[in-house]
There are 2 protein chains.
Amino acid sequence: MESLLRAAESVFAEVGYARATTNLIASRASVSPGSLYQFYPNKEAFAEALAAQYAEELEGLHASVFHGTIATVPLAELVDATVDPFLDFHRRAPAFEALFLGAAASPELAGRIQVLHETVAARLIALFELRRPDAKREDLRWAADVAVGIFRGLLPLITPLKGTKRSRAIREMKGVFLRYLEPVFATRTE
Amino acid sequence: MESLLRAAESVFAEVGYARATTNLIASRASVSPGSLYQFYPNKEAFAEALAAQYAEELEGLHASVFHGTIATVPLAELVDATVDPFLDFHRRAPAFEALFLGAAASPELAGRIQVLHETVAARLIALFELRRPDAKREDLRWAADVAVGIFRGLLPLITPLKGTKRSRAIREMKGVFLRYLEPVFATRTE
DNA sequence: GACAAACACGAGTCTTTGCTCGCATATCTT
DNA sequence: AAGATATGCGAGCAAAGACTCGTGTTTGTC
């Protein structure tokens, strides 16, 4: 049931996977533990379901960012066009950070995280390749991994903030991306 | 006992705080659970002890980096002189990443993490201020937080690697720092 | 209204794991 | 050597939490 998943999401977001209890999830959804287990066989199933849902959403997100014009647009616009949707995604998916960006709660989930990360990295490489078809694949792979790492590292700086502080933090993040990627994509628009 | 701490450290590094069991720590140290509890009152005490030890080491690390010449040296050297010791620290303290950079295992530990982070950030601000006494405090605070975030985000990219791959990853990290900090510290050496 | 099927319930079971306690062994004192 | 003290042991206790099951309640059909 959908409301169970939403309850699990909010609990995970608040206390993380390890400290989340199935009873709390059940009561948050105004449902008994017994009923909960009629829909999800175990606690991990919640994380799996969320991962699947998030993966799908990220897929859609990429599809909307990834169109031809991206190849020639100024770098600052490219950064805006990618960072903003990802930040928006993390606002809508508050459990993502707690579940998949922290340390892996279980070995099985670690695999899931790996897959999500690989997918995003592959998408980024494809994006980069549109701008620099001449670049070596390995260099682009590094740039993608570093970009993901920067995002992961700076996201916790942004998430808890609101208003002008948040804007400032986002500006800082974009600044990091801009200055890091500039040497790679400098001579593109002309 | 020291060997217990070392055992705890290696277990934490391998499976993280939540999945580490006191029995495993005891057996890793070739000691019975009973004996373990004669030295450390509970599981959290291990994390506390490690945090204290790491804090001390970070203190020393900072003292060795933080001397006057740092104010006038070229930016690339400044980055080298700070990044390398920190990476070295994380090699010697393998549990640090698992314990204090992942999601907080318990509310009490979260406080500890906060303190460690604040301390490092404060040190960085002091360092930055040596170079730019004219800059606004708040800007330096942002730069410090962002620098810490970048380090946290890129560290997992570096830790599992060895040899040339590791060197490449470190070069990437330093590149990010250089390009991010350059606008702030550009006009320093002349 | 009567029966049946499906669903929801929550007190209880079972496993895991942090932690203890009574006994055994070693070390020290005289 | 013999008692006294300290230290180490590991089987077992207790709490927490994932998960179940017998019972009650609702819903659908005649």
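For the structure, see preceding data.
This is a predicted model, so every value here is computed, not measured.

1. Structural notes on the packing of helix α1 (residues 2-19) of chain B against helix α4 (residues 43-65) of chain B
Two packed helices can be described by the angle between their axes and the distance between those axes.
All names here are of chain B.
Step number 1: Where α1 contacts α4, the two axes come as close as 10 Å, and the packing angle between them is 100 degrees. Judged by the inter-axis angle, α1 sits roughly perpendicular to α4. For the pair formed by α1 and α4, the contact residues are Glu 2, Leu 4, Leu 5, Arg 6, Ala 8, Glu 9, Phe 12, Tyr 17 and Ala 18 on the first element and Lys 43, Glu 44, Phe 46, Ala 47, Ala 49, Leu 50, Gln 53 and Tyr 54 on the second.
Step number 2: Of the residues that constitute the contact of α1 with α4, the class distribution is 11 nonpolar, 1 polar and 5 charged.

2. Focus: the environment of Leu 87 of chain B
All names here are of chain B.
Step number 1: The topology assignment puts Leu 87 in helix α5 (residues 75-92).
Step number 2: By relative accessible area, which is 5% here, Leu 87 ends up buried.
Step number 3: Counting along the chain gives 50 residues from Leu 87 to Arg 137, while the straight-line C-alpha distance between them is 27 Å.
Step number 4: Each residue touching Leu 87, except ones within four places of it in the same chain, is listed here: Phe 151, Leu 155, Ile 158, Arg 166 and Ile 170.

3. Quick look at the interface of chain B and chain A
Step number 1: Counting residues at the interface gives 26 residues for chain B and 26 residues for chain A.
Step number 2: Between chain B and chain A, roughly 2300 Å² of surface is buried when both sides are summed, and carbon and sulfur atoms account for 68% of that area.
Step number 3: The largest contributions to the chain B side of the interface with chain A come from Trp 142, Arg 168 and Arg 179 of chain B, which together make up 27% of the buried area.
Step number 4: Linking chain B with chain A are 2 salt bridges.
Step number 5: Across the chain B-chain A interface, the total number found is 7 residue pairs in polar contact (both at pLDDT 80 or more).
Step number 6: Listed by contribution, the elements that provide at least two residues to the side of chain B that touches chain A are α1, α8 (137-158) and α9 (163-185) of chain B.
Step number 7: A breakdown of the residues in the side of chain B that touches chain A according to their chemical character gives 14 nonpolar, 4 polar and 8 charged.

4. Section: the relation of the copies chain B and chain A
Step number 1: Of the two same-sequence chains, chain B is brought onto chain A (RMSD 0.1 Å, axial shift 0.0 Å) by a rotation of 180 degrees. What the superposition gives is, in effect, a two-fold axis relating one chain to the other. Looking at the rotation axis and the C-alpha trace of chain B, the residue lying nearest is Gly 153 of chain B, at 1.9 Å.
Step number 2: Most of the interface of chain B is mirrored in chain A, where 100% of its interface residues again form contacts.

5. With respect to the protein's contact with DNA strand D
Step number 1: Of all residues adjacent to DNA strand D, which total 14 residues, the nearest are Thr 22, Tyr 37 and Lys 43 of chain A together with Gly 34 and Ser 35 of chain B.
Step number 2: The sugar-phosphate portion of DNA strand D accounts for 57% of its atoms within 4 Å of the protein, the bases making up the rest.
Step number 3: Measuring from a phosphate oxygen of DNA strand D, one finds a backbone N or O atom of Thr 22 of chain A at 2.8 Å.
Step number 4: Here Ser 35 of chain B contributes a side-chain N or O atom positioned 2.9 Å from a phosphate oxygen of DNA strand D.
Step number 5: At the level of elements, α2 (22-28) and α3 (33-39) of chain A together with α3 (33-39) of chain B are the ones that each hand at least two residues to the surface near DNA strand D.
Step number 6: Tallying contributions element by element places α3 of chain B first for the surface near DNA strand D, with 5 residues.
Step number 7: Counted by class, the surface near DNA strand D contains 4 nonpolar, 9 polar and 1 charged residues.

6. Observations concerning the pattern of salt bridges
For side chains of opposite charge, pairing can occur when their charged atoms come near one another.
Step number 1: Summed over the entire model, instances satisfying the criterion amount to 31 salt bridges over all chains.
Step number 2: Here the residues in one salt-bridge network are Glu 57, Asp 88, Arg 91 and Arg 92 of chain B, joined through shared partners.

7. Overview of the packing of aromatic side chains
Step number 1: One pass over the structure, following the stated rule, counts 18 aromatic pairs over all chains.
Step number 2: Judged by centre distance (5.4 Å) and plane angle (35 degrees), the ring pair of Phe 12 of chain B and Tyr 17 of chain B falls under tilted. Each member of the pair, Phe 12 of chain B as well as Tyr 17 of chain B, is classed as buried.
Step number 3: The ring of Tyr 17 of chain A carries Lys 43 of chain A above its face, with NZ or CZ at 4.7 Å from the centroid.

Cut-offs used in this document
Residues numbered from 1 in each chain as written. Chains lettered and ligands numbered in written order. Predicted model: local features only at pLDDT ≥ 70, side-chain atom pairs only at ≥ 80, totals over all residues. Heavy atoms only, no water. Axes fitted to C-alpha atoms, helices over the stretch in contact; angles between N-to-C directions. Helix = DSSP H or I, 4+ residues; strand = E, 2+ residues; numbered from the N terminus. Parallel < 35°, antiparallel > 145°, perpendicular 65-115°, else oblique. Contact = heavy atoms within 4.5 Å. Nonpolar A, V, L, I, M, F, W, Y, C, P; charged D, E, K, R; others polar. Buried < 20%, exposed > 50% of the residue type's maximum accessible area, 1.4 Å probe, protein only. Buried area = accessible area lost by both parts, 1.4 Å probe. Salt bridge = Lys/Arg side-chain N within 4 Å of Asp/Glu carboxyl O. Polar contact = N/O pair within 3.5 Å; in protein donor to acceptor, adjacent residues only side chain to side chain. Least-squares fit on C-alpha atoms with pLDDT ≥ 70 in both. Near = heavy atom within 4 Å. Phe/Tyr/Trp six-rings, centres within 6.5 Å; stacked < 30°, edge-to-face > 60°. Lys NZ or Arg CZ within 6 Å of the ring centre and 35° of its normal.

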